[in-house]
Amino acid sequence: MKVRPPAVAGLFYPTNPGLLRTMVTEYLLDARDRAGGAPPAVPGVLRAAVVPHAGYIYSGSTAASLFELIQPIADQIRHVVIVGPAHRVGIDGVALPDAEAMATPIGEVPLWTQGVETALGMPQVVVNDAVHAQEHSLEVQLPFLQMILPEVDVLPLAAGWVDSTVVTDILEALWGFEGTFLLMSSDLSHYHSYEEAQRIDSGTVQQILACNPTVKHDQACGATAVNAMSQFAASHNLTPALIGFRNSGDTAGDKTSVVGYASIGYYD
């Protein structure tokens, strides 16, 4: 079986499996404590999300606030479609890895075979290992999924320079499969002062909550996936709710130059 090895273990999260499991577990427990054990006041079932993808010491707590809410519905999820930006290698399309599984220090996560076949039948979806080789936006979601959804498979899609409607069409094609959860991977603004980032990111969050698909890439590095989710949510009557909102100045960074993070859930 061909496996895509971890590229950012030791950089974005620990290489030691035990330490990684402990770190993720502690983030999830802390998220539960911060929420007081109560889900957001949104009716329905969590079906999709936007989560950040920075190093765990920076954005892990914000991501965990969303992943914690997945745990009660774990038995309903069989496949997780992850869409993130292609940071390292540019591509005029959406890339899948040439692999049957993706690995982290915790173990291997199988790719969703039927999802791969369906995605490759869509325009502009290709197999491109170079795009995935060093890409972190998809990889950093895996340890959380391994801890809360150990039986699921994944469909990792790296979105390059394509219109968000291309990704929306892919989501539409995959939505009909039972047990499918959509996970969009994006950070918010980069390298502004703490106060300026709060201002910019607050506006971006309001756009996302309004399902306004006009977020720009300087507002969110995963803008293509975020805008696709907004279009998809509007057409499927999914209700977005803000779950977590921080920046690196709130976690492990200084406040002179920060990166913003938000976790947003979509409820059916």
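The structure under discussion appears in the preceding block.
All of the points below concern the structure found in this document. (Residues numbered from 1 in each chain as written. Predicted model: local features only at pLDDT ≥ 70, side-chain atom pairs only at ≥ 80, totals over all residues. Heavy atoms only, no water.)

## Let's talk about the nonpolar core
Side chains of nonpolar character tend, in soluble globular proteins, to be buried together.
At step 1: By size, the foremost hydrophobic cluster in this structure holds 84 residues, and its most contacted members are Phe67, Ile70 and Val80.
At step 2: Not counting residues within four places of it along the chain, the set of residues in contact with Val80 comprises Leu145, Leu149, Val152, Asp153, Val154, Leu155, Phe181 and Leu183. (Core = buried A, V, L, I, M, F, W, Y, C linked by side-chain atoms within 4.5 Å. Buried < 20%, exposed > 50% of the residue type's maximum accessible area, 1.4 Å probe, protein only. Contact = heavy atoms within 4.5 Å.)

## Quick look at the pattern of salt bridges
At step 1: Under the counting rule described, the total for this entry stands at 6 salt bridges.
At step 2: For the salt bridge of Arg32 with Glu68, the shortest nitrogen-to-oxygen distance reads 3.0 Å. Of this pair, Arg32 sits in helix H1 (residues 17-35) while Glu68 sits in helix H2 (residues 56-70), placing them 36 residues apart in sequence.
At step 3: With its nearest N and O atoms 2.8 Å apart, the salt bridge here joins Arg47 to Asp268. Linking Arg47 in strand S2 (residues 46-51) with Asp268 in the segment after strand S12 (258-267), this pair joins segments that are 221 residues apart in sequence.
At step 4: Taking the relative accessible area as the measure of exposure, Asp268 reaches 46% and is therefore partly exposed.
At step 5: Within the structure, one salt-bridge network assembled from shared partners comprises Lys2, Asp98 and Asp129. (Salt bridge = Lys/Arg side-chain N within 4 Å of Asp/Glu carboxyl O. Helix = DSSP H or I, 4+ residues; strand = E, 2+ residues; numbered from the N terminus.)

## With respect to the environment of Gly115
At step 1: Tracing the backbone through its elements, the reader meets Gly115 in helix H3 (residues 113-120).
At step 2: Of the residues examined, Gly115 reaches a relative accessible area of 0% and is grouped as buried.
At step 3: For Gly115, the residues in contact, after removing those within four places along its chain, are Leu155 and Leu174.

## Let's talk about the environment of Ala159
At step 1: Of note, Ala159 is situated in strand S8 (residues 153-159).
At step 2: According to the relative accessible area criterion, Ala159 is buried, its value standing at 6%.
At step 3: When the C-alpha positions of Ala159 and Gln124 are compared, they lie 9.9 Å apart, and in sequence the two are 35 residues distant.
At step 4: Every residue in contact with Ala159, bar those within four places of it in the chain, is listed here: Val83, Gly84, Pro85, Ala86, Gly93, Val94, Val167 and Thr224.

## Observations concerning the sheet that holds strand S6 (residues 107-110)
At step 1: The sheet built from 3 strands is open, its strands ordered S1-S5-S6 with mixed pairing. Every other strand in the sheet has two partners, leaving strand S1 (3-4) and S6 as the edge strands with one partner each.
At step 2: Here S1 runs beside strand S5 (residues 101-104); their pairing, made up of 2 bridges, is parallel. Paired with Arg4 across the strands is Met102, a residue of S5. (Pairing = 2+ DSSP bridges.)

## Things to note about unusual backbone geometry
At step 1: The phi dihedral of Gln124 falls on the positive side, at around 75 degrees, and the residue is not glycine.
At step 2: When you line up the elements, Gln124 lands in the loop between H3 and strand S7 (125-127).
At step 3: Phi is positive for Asn237, close to 55 degrees, though the residue is something other than glycine.
At step 4: Along the chain, Asn237 falls in the loop between helix H8 (223-235) and strand S11 (239-247).

## Brief notes about H8
Side chains three or four residues apart in an α-helix point the same way, a direct result of the helix having 3.6 residues per turn.
At step 1: Taking 1.5 Å as the rise per residue, H8 with 13 residues should run 18 Å; its terminal C-alpha atoms sit 18 Å apart, in good agreement.
At step 2: Burial within H8 is extensive, with 10 of its 13 residues counted as buried.
At step 3: For H8, the full list of buried residues reads Ala223, Thr224, Ala225, Val226, Asn227, Ala228, Met229, Ser230, Phe232 and Ala233.
At step 4: Downstream of H8 by one or two residues, Asn237 has phi in the positive range, about 55 degrees. (Expected span 1.5 Å × (residues − 1).)

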